[in-house]
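Letter by letter, the chains look like this.
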Amino acid sequence: MDKTDTLTFGVQNMSCASCVGRVEKALNTVNGVHDVRVNLAAENVRIATAPGFDAAKVAATLRQAGYPARTATHRLRLSNMTCASCVGRVERALLAVPGVISASVNLASEEAQVEVLEDANLLSTLHDAAAQAGYPAAVDTQDAGSPDAATRKEAEATHLRQMTVLAALLTLPVFLLEMGGHLIPAFHTWIAENIGMATSWFVQFALTTLVLAWPGRHFYSKGLRALLKGAPDMNSLVALGSGAAWLFSVTALFAPGLLPESSRVVYFEAAAVIVTLILLGRYLEARAKGRTGAAIAKLMGLRASSARVERDGAVVELPIDEIIAGDIIHLRPGEKIATDGVVVEGQSYVDESMITGEPVPVEKATESEVVGGTVNGTGSLTFRATKVGGDTMLAQIIRMVEEAQGAKLPIQDLVNRITLWFVPAVIAVALVTFGVWLAFGPSLSHALVPAVAVLIIACPCAMGLATPTSIMVGTGRAAQLGVLFRQGDALQSLQCVKTVALDKTGTLTKGKPELTDLVLMDDLTEDEVLLLIGAVEARSEHPIAQAILRRAEAAGPVPGEVSDFQSHTGFGVSATVLGRKVTLGADRLMIRDGIDLGDTGRIASEMAKAGKTPLYAALDGKLAAVIAVADPIKPGTPEAIAGLHDLGLDVAMITGDNRGTADAIAAQLGIDRVVAEVLPDGKVAAIDKLKEGGNRIAFVGDGINDAPALAQADVGLAIGTGTDVAIEAADVVLMSGDLRGVVNAIDVSQRSMANIRQNLFWAFGYNVLLIPVAAGAFYPLTGWLLSPALAAGAMALSSVFVLSNALRLRWIAAPLAENATPEKEPRAATPVAAE
């Protein structure tokens, strides 16, 4: 049986014989599947396929049954990709391969991303399918921004530049001989008297033939082959247009008797100029395409090439590929960190701005985590490698960006459907144009000119490049701003969001309680009080106790002489420190112990209104201080909320905290809606309620309990400093942990989609307006008749315009820079009943 008729792929979660029966039963319900053989030991399935087989249905059925199929994603480098119609043909060819779940082709990067059932034989089948469609493929073992990939793109641009220069040198004499005579009558007379028109035409023939046969040969080798297969592409249009002009001119030169006397003219200059201008356009396209992957190239450039590693009792310099998890790496001042790891010795400050966007270096000491690609400061560090190769954070970031850049937005489906019939439609229009002009025009040559112009001016390239180039550049620029689009379609979805819902702890706030206020009584000093209460709280594991202890330790060494420690559940703690009785807790503890609070109730009330927890400290039975502990708001949060309001968005807060604290923080920040005292599943219900009326919701969170809400929202944005579970559930990751990244993400989304719409408007508008002009539709009214040479120039300009417009996204500036601190007046919050 042929390898494409059977598939063998892994299945997860099988543990016993009953699992085998369930998997077989599930697969036997799928149309096109027969002869199912499940191997429990190997945890795989072998099936035979029949007409109607759909791998996506197989994957969905197994997932629903609780036994997900193992899948693999292959990236293929494609050859001969020239225009949007190629995209549809390659995708159809790949999707026709049994075992392919999805296929997405990117014209800008000339790559295909194919998700398949994990069958070892499928890769070669994919190669065969692409080659048979006319687009040979190779496995993309290099990352898009790798030196090899960059070198390949540079070599392509160099070759096109050489061919363009050669074509221009050969075309220039042809253009001068033919058009010079038309523009300057005296020059025409000089040619006729000194060279002779027959000789001039013969020179034009020789030079034009060289242009078509040498620099322009791939238009014919590829275009005519595609035409014979019944699948014409952009090359076919160029081949037909320039070939028709050349063939007509050859007939006029060598067999003039076959043409009416009035039609005995040549269009060699049109054929040569067409090829030259389109080569110029292809060269400019290739240069622009090389720039679309600049973000990936910069990310790749962050990687260290080698590191100093302990091996066999000595420290040796090793290439990064030879480092394994567990290796001890020695880092000198100013060096790049080679892999992710944990510091085992030393102290230094590390610049992590290229990963997180945070401009301030981060202190690293024993047990601190370090990230590969970041740069060490002036200290020395020794760290243990924990993640290497493709498991490092930098590698994961590069992978996320690549996947987002290769995504196909929903808007692209419409474009692809149109471009599939675009080239055949253009050929049909050209034939109709030729027939109408032949019937009603003055001569055969007058019929040829507009027909050739129609073939040449049509530009499916611009339509095909309009979306993927903007995606590549937009997501790449977002990555440089610290915003990673894990799902490419989030780039389109985010622009439609009307409400941004935010988790509180760890998102709006730091997620770590801190002592924020210390109001002293009488003549006591701050350090004196802090050290005494810190000594007491050192005996407690409560988060509030730890916050007080951290502040006390910053003031100096905390006394270790603590006796008579007592924890008063629900009230506070007390102990004797250095011979002094220390009591610390809520107001009810002070009242119980008969400690006079005086007029401090007003101070505590103000603290509570600000969302803080007020506590009291007493020494030897006398009130010493009023303390406030709170989870402080992140520095960039107020500006981020104001920025979201400036974008016309509503802001909601969904939190499990009590209503009082939630309302206080919402009022302080100007948050519009509050949903408080909810459990994790309550957050999902709150998202659903906010969605009512077709309102599109983005949710921002960082914790494990936020994962369901991140998945439920139209777009989930995870704080990059949060948990892996939250990041996996999100569509977008904010690497810095700063909420200003939400504003930047939405801004990039809006700008990228606006850029795509501009490109599509230009690409479609160009074709809609200029194809009728080229066909001579306006000739009876205005006398407009476009020459094929001008049509070629306009066509080349169209693709270059689209690419140049997309490349403008490389210079998107973050609307909220992380060092900006303007304050805006907050809006009042509107409480919402808890779900």
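Residues numbered from 1 in each chain as written. Predicted model: local features only at pLDDT ≥ 70, side-chain atom pairs only at ≥ 80, totals over all residues. Heavy atoms only, no water.

Selection criterion: UniProt positions are given in the numbering used here, feature names are shortened, and annotations may be inferred rather than shown by experiment.
If you look the protein chain up in an unreviewed UniProt entry, it shows as Copper-transporting P-type ATPase from Sulfitobacter dubius. Quoted verbatim from the Sequence similarities (unreviewed entry) field of UniProt, the annotation for the protein chain is "Belongs to the cation transport ATPase (P-type) (TC 3.A.3) family. Type IB subfamily."

**Quick notes on the sheet that holds strand 14 (residues 369-370)**
Just so we agree on the cut-off: DSSP calls a pair of strands paired once it identifies at least 2 bridges connecting them. Note on conventions: DSSP H or I runs of at least 4 residues are helices, E runs of at least 2 residues are strands, and numbering of each starts at the N terminus.
Here we have 6 strands laid out as an open sheet, ordered 9-8-10-16-11-14, and antiparallel in their pairing. Looking at the sheet topology across the chains shown, the edges are occupied by strand 9 (314-319) and strand 14.

**Topic: the side chain of Asp747**
To be explicit about the condition: Categorising residues by exposure relies on relative accessible area from a 1.4 Å probe, with only protein chains included: less than 20% of the type maximum marks a residue as buried, more than 50% marks it as exposed, and the intermediate range marks it as partly exposed. Contacts are assigned to residue pairs with any non-hydrogen atoms lying within 4.5 Å of each other.
Position of Asp747 relative to the elements: it lies in helix 28 (residues 740-775). A relative accessible area of 9% places Asp747 in the buried class. For Asp747, the contacting residues outside a window of four places in its chain are Ile812, Ala813 and Pro815.

**Quick look at the environment of Lys498**
As for its placement among the helices and strands, Lys498 is situated in the loop between helix 17 (490-493) and strand 18 (499-503). Distance from Lys498 to Ile697, taken between C-alpha atoms, is 6.3 Å for residues 199 residues apart in sequence. The residues touching Lys498, leaving out its near neighbours within four places in the chain, are Leu649, Asp650, Asn695 and Arg696.

**Let's talk about the sheet that holds strand 1 (residues 6-10)**
Applicable threshold: Fitting a line to C-alpha atoms yields each axis, with helices limited to the stretch in contact; the angle taken between N-to-C directions then spans 0 to 180 degrees.
Taken in spatial order, the 3 strands make up an open sheet running 1-3-2, and their pairing is antiparallel. Across the chains shown, the open sheet's two edge strands, defined by having one partner strand only, are strand 1 and strand 2 (33-39). Ignoring which end each strand starts from, the neighbouring axes of this sheet average 20° apart. Pairing of strand 2 with strand 3 (residues 44-49) involves 5 bridges; the strand directions are antiparallel. Within strand 3, the residue paired with Asn39 across the bridge is Asn44.

**Topic: helix 20 (residues 543-555)**
This is how the line gets drawn: To estimate the expected span of a helix, subtract one from its residue number and multiply by 1.5 Å.
Between the first and last C-alpha of helix 20 there are 19 Å, a value that for 13 residues agrees with the 18 Å anticipated at 1.5 Å per step. Within the span of helix 20, buried status applies to Ala545, Ala547, Ile548, Leu549 and Ala552. Downstream of helix 20 by one or two residues, Gly556 has phi in the positive range, about 155°.

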